[in-house]
Amino acid sequence: MLPLTESTLVHQAHNRAVAITSDDMIHITWKHVTLHLNVTGMVYLLRLLKNTLSSEDTTRHFRIHGTPDDGYTVWIQDIGLQLSSEEMMIFKQLLSDALLALKQRKNKPTLSTLSGELLFTRRSKENDIETFSFN
């Protein structure tokens, strides 16, 4: 099995970046966690953050709770990110910039990458990778 190569889409700071691997998985690094999902998942998440996700597209895999005054908890699968209002704006910008960079790449995403099927991966302590897909 060949190792996956990673290409950085956006690098805001040493602990905030988005990359894509050769298998078309997006790696979102925010502070001390790295989330792995496909391009469709990132698009859904960004649309939720921007409040442009229609009710028929709403998924139970992404949720936001909170207020501008108290901050937000953004749930991505079973991972919760605690974000202040300022951090929420920075996180949205990170994902927006990554999507723009992805669209501008020479090797544009394939149709299978943008299939509409949400795909998540989770790495275990033993470094095993589990994949979850949702239609």
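Structure report, in brief.

Definitions and limits used
- In this numbering scheme, every chain counts its residues from 1 along its sequence in written order.
- With pLDDT at 70 or above as the cut-off, local features in this predicted model cover only qualifying residues; side-chain atom pairs require 80 or more to be listed or tallied, and sums for whole chains, interfaces and linings still use all residues.
- Where side-chain values are given, they derive from all heavy atoms of the structure, hydrogens and water being excluded.
- Helix and strand definitions here come from DSSP, where helices need a minimum of 4 consecutive H or I residues and strands a minimum of 2 consecutive E residues; each element is numbered from the N-terminal end.
- Throughout, exposure labels follow a simple rule: accessible area from a 1.4 Å probe, protein chains only, divided by the maximum for the residue type, with under 20% read as buried, over 50% as exposed, and the rest as partly exposed.
- Accessibility throughout is a Shrake-Rupley quantity obtained with a 1.4 Å probe, and a residue counts as covered only by protein chains that appear here.
- At least two bridges found by DSSP between two strands is the condition for calling them paired.
- An axis is simply a line fitted to the C-alpha atoms; with a helix, the fit covers only the stretch in contact. Between two such axes, the angle follows the N-to-C directions and lies from 0 to 180 degrees.
- When checking whether two residues touch, look at their non-hydrogen atoms; a contact exists if any pair is within 4.5 Å.
- To estimate how far a helix should reach, multiply one less than its number of residues by 1.5 Å.
- When an angle is under 35 degrees it counts as roughly parallel; over 145 it counts as roughly antiparallel; between 65 and 115 it counts as roughly perpendicular; any other value is oblique.
- In this scheme the handedness of a crossing depends on how the near helix is turned from the far one: anticlockwise by less than a right angle means left-handed, clockwise means right-handed.
- Aromatic pairs are defined between Phe, Tyr and Trp rings, using the six-membered ring for Trp, whenever the two ring centres lie within 6.5 Å; interplanar angles under 30 degrees are classed as stacked, those over 60 as edge-to-face, and all others as tilted.

### Section: the overall build of the protein chain
Phase 1: When its secondary structure is counted, the protein chain shows two helices and nine strands.
Phase 2: If you list the helices and strands of the protein chain from N to C, you get β-β-β-β-α-β-β-β-α-β-β.
Phase 3: For the protein chain, the proportion of its 135 residues judged to be buried stands at 39%.
Phase 4: Here the protein chain has roughly 8400 Å² of accessible surface; of this, 51% comes from carbon and sulfur atoms.

### Remarks on the sheet that holds strand β5 (residues 62–67)
Phase 1: An order of β5-β6-β7 is seen for the three strands of this open sheet, with the pairing classed as antiparallel. Two strands in the sheet have a free side with no partner beyond their single neighbour: β5 and β7 (79–83). Going from strand to strand, the sheet's axes swing by 15 degrees on average, the running direction of each strand aside.
Phase 2: For strand β6 (residues 71–76) and β7, the ladder comprises five bridges, and the chain directions are antiparallel. Residue pairing for β7: Tyr 72 is matched across the bridge by Leu 83.
Phase 3: Sitting on the sheet, helix α1 (residues 39–49) is in contact with β5 and β6, with an inclination near 25 degrees to β5.
Phase 4: Packed on one face of the sheet, helix α2 (residues 85–104) meets β5, β6 and β7 and runs near 120 degrees to β7.

### Re the environment of Asp 78
Phase 1: Among the structural elements, Asp 78 can be located in the loop between β6 and β7.
Phase 2: Residue classification places Asp 78 among the partly exposed positions, given a relative accessible area of 47%.
Phase 3: Each C-alpha atom, one on Asp 78 and one on His 61, is 8.0 Å from the other, the two residues being 17 residues apart in sequence.

### Brief notes about α1
Phase 1: Of all 11 residues that make up α1, nine are buried, and the element is covered over most of its length.
Phase 2: When we look at burial in α1, the residues that qualify are Val 39, Thr 40, Gly 41, Met 42, Tyr 44, Leu 45, Leu 46, Leu 48 and Leu 49.
Phase 3: Looking one or two places after α1, you find Asn 51, whose phi comes out positive at around 60 degrees.

### Some remarks on α2
Phase 1: The end-to-end C-alpha distance of α2, which contains 20 residues, comes to 29 Å, matching closely the 28 Å that a straight helix rising 1.5 Å per residue would cover.
Phase 2: Every buried residue of α2 is listed here: Glu 87, Met 88, Phe 91, Leu 94, Leu 95, Ser 96, Ala 98, Leu 99, Ala 101 and Leu 102.

### Some thoughts on the packing of α1 against α2
Phase 1: In contact at an axis separation of 10 Å, α1 and α2 are set at 140 degrees when each is read in the N-to-C sense. Taken as axis vectors, α1 and α2 run oblique relative to one another. Remark: the crossing between α1 and α2 carries left-handed chirality. On α2, the residues touching Val 39, Met 42, Val 43, Leu 45, Leu 46 and Leu 49 of α1 are Met 88, Phe 91, Lys 92, Leu 95, Ser 96, Ala 98, Leu 99 and Leu 102.

### Some thoughts on the packing of aromatic side chains
Phase 1: For the coordinates displayed, the defined rule picks out one aromatic pair.
Phase 2: Where Trp 30 meets Phe 91, the ring centres are 5.1 Å apart and the plane angle is 75 degrees; that geometry is what we call edge-to-face. Taken together, the positions of Trp 30 in strand β3 (residues 25–30) and Phe 91 in helix α2 put the pair 61 residues apart, joining distant regions of the chain. Across the pair, exposure class does not vary: Trp 30 and Phe 91 are buried alike.

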